[in-house]
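# Results of the structural survey
So the chains spell out like this:
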Amino acid sequence: MLNIEIDGKAVEVDHGTTIIDAADKLGIAIPRFCYHKKLSVAANCRMCLVQVEKFAKPLPACATPVADGMKIFTRSKAAVEAQKSVMEFLLINHPLDCPICDQGGECDLQDIAVAYGAPASRYAEEKRVVLNKNIGPLVSTDMTRCIQCTRCVRFLKEVGGMMELGMVGRGEHAEITAYVDKSVDSELSGNIIDLCPVGALTSKPFRYKARTWELTRRPSIAPHDGLGSQIEVHIKDGKVLRVLPREKESINECWLSDRDRFSYEGLNSPDRLTVPMIKHHGEWHETDWKTALEFAAGQLKDITNADGGEQLGVLVSPNSTMEEAYLAKQIAHGLGSSNIDYRLRQTDFRLDGKRMGTPWMGCNIPDLQEMDRILVIGSNLRNEHPLLANRIRKAVAQGAELSLVNPMDDDQLMAVKHKAICTPNDMVNVLAQILKAMSGLQRLSLCLPKSLNDLLETVRVWDNSQAMAESLAGLGKEVDLVSPRTGIFLGNIAQSHPRFTELYSLAEAIASLCGATFGILSPAANSTGAHLVGALPGEHGLNAKAMLESPRKAYLLVNVEPELDCHHAAQARQAIAEAECVIALTAYKSEALEHADVLLPIAPFTETSGTYMSMEGRVQSFTAVTKPLGECRPGWKVLRVLGNTLGLSGFDFDSSEQVKNAIFGGQKPSTVVWNSLNNNLRELIEIQVKIKSNVLQRLGEVPQFQSDAIVRRSPPLQKTRAVQAPVAAMHSQLLTELGLDDGEMVTVKQGVASVLLKAKRDDGLPHGVVRVPTALPVTSLLGDLMGEIEVTRA
């Protein structure tokens, strides 16, 4: 530790601490523009100049490490004169357009100019003008205001993973720009808006909507991925106008993904359902809540009384709150049905009843960046978990070895040490190779089911798989790690895989051999929470896939758009169409719900209270930040009243907090959670070895900005480069074998349905795979996400 003095205050700091960090520790304010605690030090704005004893000139506080006995003066005459001089130069070319600048009221330049700026400018020459750049639909540019702090440049390179902005020119001709004809396409691009200390980069959707002092700020939780990012929602006149990150180092640090930041634009979509509706003779009619609920309850009673509870299917979105999932389960059980599920895109359910607890990430989020070895199975990280990808990127930058087993080779913007890019069917074979190699390295004989032993006996370990096993075991370097911190994680693609059981069993066996953390990266905001509350089929109940394969007479849908949210779009559409009664609790009316009989408008996350449980098992409750639109009601209230209307017991709740207490039995949530989270299997699973290997297989990935109903309706997100017309992507060799050309229109067929798509060459795909995205209206006629597929010339 070093003892220093700042403005007469003594403080003890670590070796390597900079003056600005030491001052922040003491609560002494040093002005700064280019410095940010999460970015590298640039020291180019010079606003943080301070006087240091025995030094002839002022020093930049952000780039000067402290030394023992150092005396620093931040408010001395020399320091203040230096800071005022820097401020004068910064303002020389800065436009005087504060009245029309979106940054007004929360501008660092404004605030610091009040303290360090001169009352008048000595600069009489013409100010420079910089042309604006169009860098996409999310970030608006006014580059004449830019002070070249380079925060945006450093963020996109160091956190985003790719240099999309840079500085050209020198002196007063220097400017920040993108590459020619390029936009900023990072999935984290919105963070440069927060980082910009002036009004050069502002939010395009929020532009000219309101002043900062007109906004009411309310805390909430991001409702899209399993990270549980903490957000701050800004409201004016009862309408959400902006979403910003709340700093939480252990979750989202101070960042936010574009999906979480800009999805709010979908909250006030024209599709919003604001009044209950009942279909009569094929026509929709608006009605009141009492009539709609009594009609819905009557329909459900008639079917369950006549045919038993097994004719009722309950599908709950994994983006619903814990309270909504719990009450939906109570209604299903109250009507004698065990058919309830939240795993809408899962196709393999052989693990049901075999796990010892609720599947989760297996570690805390910050632990990722401290790992030495990471194996990710079946995940397009940047698409599924943008901020988690950033954590892994940090680990790799610190020397961690990343291995991937994936059916696609998308650029993850980080160094990948080993990767196996194979068809979805071959992923099982690759993991079997790694397990066999690992057992050889550990010199262990494994007690495995006969089917798995038979599989391992027939497997030949290729060099790549051997290298992955050695990496996970901590070998392969000049100095072996004594106890490498290793993590093995299954992503969204793996969880939708038709052989998920094999992938899970093999991954767990590999993790146990090398002492690794084994985890599941939850695909939605409340996947872990929905499992904890038991929104799962009972002993004789049907899972989500079975409910659609064997259609029920009645369905209760909670936040679900069937053909966009389920694993088999065509099957979901047909099952809902054939049902006698479909009750949909939804925030939106859409073509995906055209076959419903009753639409009950429920509030999205900003208009209700509830609880999400993140992939790391963190239970986070939130409250409504604005009033429900029209006659919308919170989903938990609608389910509670529906339960009472059905005459069921156990629905006497006056608040979501009471429902939460019922979920956790009055205990502290953390106690219940940590006793429940467990990825281990009760018993090893028999493996289905026989598969078809000579067929074309679809890779039906969910695009980042199609993941749920709110995101799908956000206009700015739908205008990004990431959202393009769906194509049938395949390897160039496969295109040649099928006699197709890149860009040619093709007929893509699954089952009895077919769609016309453009063929696209993608040599990052393995041979035998056709990548056709799901969760899109165009592809909603197709089948399984990873089923057999046919491609022919149109």
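Residues numbered from 1 in each chain as written. Predicted model: local features only at pLDDT ≥ 70, side-chain atom pairs only at ≥ 80, totals over all residues. Heavy atoms only, no water.

Per an unreviewed UniProt entry, the protein goes by the name NADH-quinone oxidoreductase and belongs to Methylovorus glucosotrophus. In its Sequence similarities (unreviewed entry) section, the UniProt entry covering the protein states "Belongs to the complex I 75 kDa subunit family." As recorded by UniProt, the Function (unreviewed entry) comment attached to the protein reads in full: "NDH-1 shuttles electrons from NADH, via FMN and iron-sulfur (Fe-S) centers, to quinones in the respiratory chain. Couples the redox reaction to proton translocation (for every two electrons transferred, four hydrogen ions are translocated across the cytoplasmic membrane), and thus conserves the redox energy in a proton gradient." (UniProt positions renumbered as here; feature names shortened; annotations may be inferred.)

### A few points about the side chain of N319
Inspection of the secondary structure puts N319 in the loop between β15 (312–316) and α8 (322–334). Judged by its relative accessible area of 16%, N319 is buried. A polar side-chain atom of N319 sits 3.3 Å from the main-chain carbonyl oxygen of H224. Not counting residues up to four positions away in its chain, the partners in contact with N319 are P223, H224, A524, A525, Y612 and D708. (Helix = DSSP H or I, 4+ residues; strand = E, 2+ residues; numbered from the N terminus. Buried < 20%, exposed > 50% of the residue type's maximum accessible area, 1.4 Å probe, protein only. Polar contact = N/O pair within 3.5 Å; in protein donor to acceptor, adjacent residues only side chain to side chain. Contact = heavy atoms within 4.5 Å.)

### Describing the packing of aromatic side chains
The description of two aromatic rings rests on the distance between their centres and on the angle between their planes. Under the counting rule described, the total for this entry stands at five aromatic pairs. Taken together, a centroid distance of 5.5 Å and an interplanar angle of 80° make the contact between W360 and W674 edge-to-face. Of this pair, W360 sits in the loop between β16 (340–341) and β17 (373–377) while W674 sits in helix α22 (residues 669–676); the two residues are 314 residues apart in sequence, bridging distant segments of the chain. Residue class for W360 comes out buried when judged on its relative accessible area of 13%. Relative accessible area serves as the criterion here: at 47%, W674 is assigned to the partly exposed category. Grouping aromatic residues by their ring pairs yields a cluster made of F500, Y504 and F518. Lying over the aromatic face of F206, R242 brings its terminal NZ or CZ to 4.5 Å of the ring centre. If you follow R460 out to its NZ or CZ, it ends over the ring of W462, 4.2 Å from the centre. (Phe/Tyr/Trp six-rings, centres within 6.5 Å; stacked < 30°, edge-to-face > 60°. Lys NZ or Arg CZ within 6 Å of the ring centre and 35° of its normal.)

### Describing unusual backbone geometry
In this structure, Q148 takes a positive phi of about 55° despite not being glycine. Mapped onto the elements of the fold, Q148 is located in the loop between β6 (139–141) and α4 (151–158). Judged by its relative accessible area of 17%, Q148 falls in the buried class. At N559, a position not held by glycine, the phi torsion is positive, near 65°. By secondary structure assignment, the location of N559 is in the loop between β22 (554–558) and α18 (562–565). Residue classification places N559 among the partly exposed residues on the basis of a relative accessible area of 23%.

### Some points on the domain arrangement of the protein
Taken as a whole, the protein is organised into domain 1 (2–92), domain 2 (277–353 + 527–676), domain 3 (365–514) and domain 4 (697–793). Averaged C-alpha coordinates put domain 3 and domain 4 at centres separated by 27 Å. Each partner contributes to the interface: domain 3 provides 17 residues, whereas domain 4 provides 14 residues. At the boundary of domain 3 with domain 4, total buried surface from both sides reaches about 1200 Å², with 58% on carbon and sulfur atoms. Looking only at domain 3, the three residues that lose the most surface to domain 4 are N383, T423 and P424, adding up to 36% of its buried area. Counting across the domain 3 and domain 4 interface gives one salt bridge. Of the charged contacts in the structure, one is a salt bridge between D410 and R771, with a shortest N-O distance of 2.9 Å. (Domains from an automatic or database assignment. Buried area = accessible area lost by both parts, 1.4 Å probe. Salt bridge = Lys/Arg side-chain N within 4 Å of Asp/Glu carboxyl O.)

### Considerations on the packing of helix α11 (residues 426–441) against helix α12 (residues 450–458)
For the pair α11 and α12, interaxial distance at closest approach is 9 Å and the crossing angle is 85°. The angle between the axes of α11 and α12 places the two elements in the roughly perpendicular class. Side by side, α11 and α12 meet where V428, A432, L435 and K436 of the first sit next to L455, L456 and E457 of the second. Partitioning the contact of α11 with α12 into residue classes produces five nonpolar, no polar and two charged. (Axes fitted to C-alpha atoms, helices over the stretch in contact; angles between N-to-C directions. Parallel < 35°, antiparallel > 145°, perpendicular 65-115°, else oblique. Nonpolar A, V, L, I, M, F, W, Y, C, P; charged D, E, K, R; others polar.)

### Notes on the UniProt feature "domain: 4Fe-4S His(Cys)3-ligated-type" (unreviewed entry) in the protein
Taken from the UniProt record, the annotation "domain: 4Fe-4S His(Cys)3-ligated-type" (unreviewed entry) applies to residues 78–117. Helix and strand shares over residues 78–117 are 60% and 0% respectively, and the end C-alpha atoms of the span are 16 Å apart.

### As for the state of the cysteines
In this structure the tally under the stated criterion is zero disulfides. Free cysteine: C152, not disulfide-bonded; nearest cysteine sulfur from C149 at 6.2 Å. C363 forms no disulfide, and the closest cysteine sulfur to it belongs to C514, at a distance of 14 Å. (Disulfide = S-S within 2.5 Å.)

### A short note on the pattern of salt bridges
On inspection of all chains with the given rule, the structure shows 43 salt bridges. E502 is the partner of R499 in a salt bridge, and the nearest nitrogen-oxygen pair spans 3.4 Å. For R499, a relative accessible area of 7% corresponds to the buried category. Residues participating in the shared-partner salt-bridge network are D271, R345, E561, D565, R712 and R713.

### Side note on the UniProt feature "domain: 4Fe-4S Mo/W bis-MGD-type" (unreviewed entry) in the protein
UniProt's feature table lists "domain: 4Fe-4S Mo/W bis-MGD-type" (unreviewed entry) at residues 215–271, given in the numbering used throughout. Secondary structure within residues 215–271 divides into 9% helix and 35% strand; the distance between the first and last C-alpha atoms comes to 25 Å.

### Things to note about the side chain of R713
Following the sequence through the fold, R713 ends up in the loop between α23 (709–712) and α24 (715–718). The class for R713 is buried, based on a relative accessible area of 12%. A distance of 3.0 Å separates the side chain of R713 from the side chain of D271, its partner in a polar contact. A polar side-chain atom of R713 sits 3.1 Å from the main-chain carbonyl oxygen of A709. Excluding anything up to four places from it in sequence, R713 contacts E265, G266, S269, D271, E561, Y588, K589 and S590.

### Remarks on the pairing of β22
It is a general feature of regular strands that their side chains alternate between the two faces of the sheet. Counting buried residues along β22, five of its five residues qualify, which places the element largely inside the surrounding structure. Side chains A554, L556 and V558 of β22 all project onto a buried face; the interleaved residues Y555 and L557 project onto the opposite face, where all are buried too. Of the strand pairs in this sheet, β15 and β22 are connected by five bridges, and their pairing is parallel. Looking across to β22, one finds that L312 is bridged to A554. Of the strand pairs in this sheet, β22 and strand β23 (residues 581–586) are connected by five bridges, and their pairing is parallel. Bridge pairing links L556 to I583 in β23. (Pairing = 2+ DSSP bridges.)

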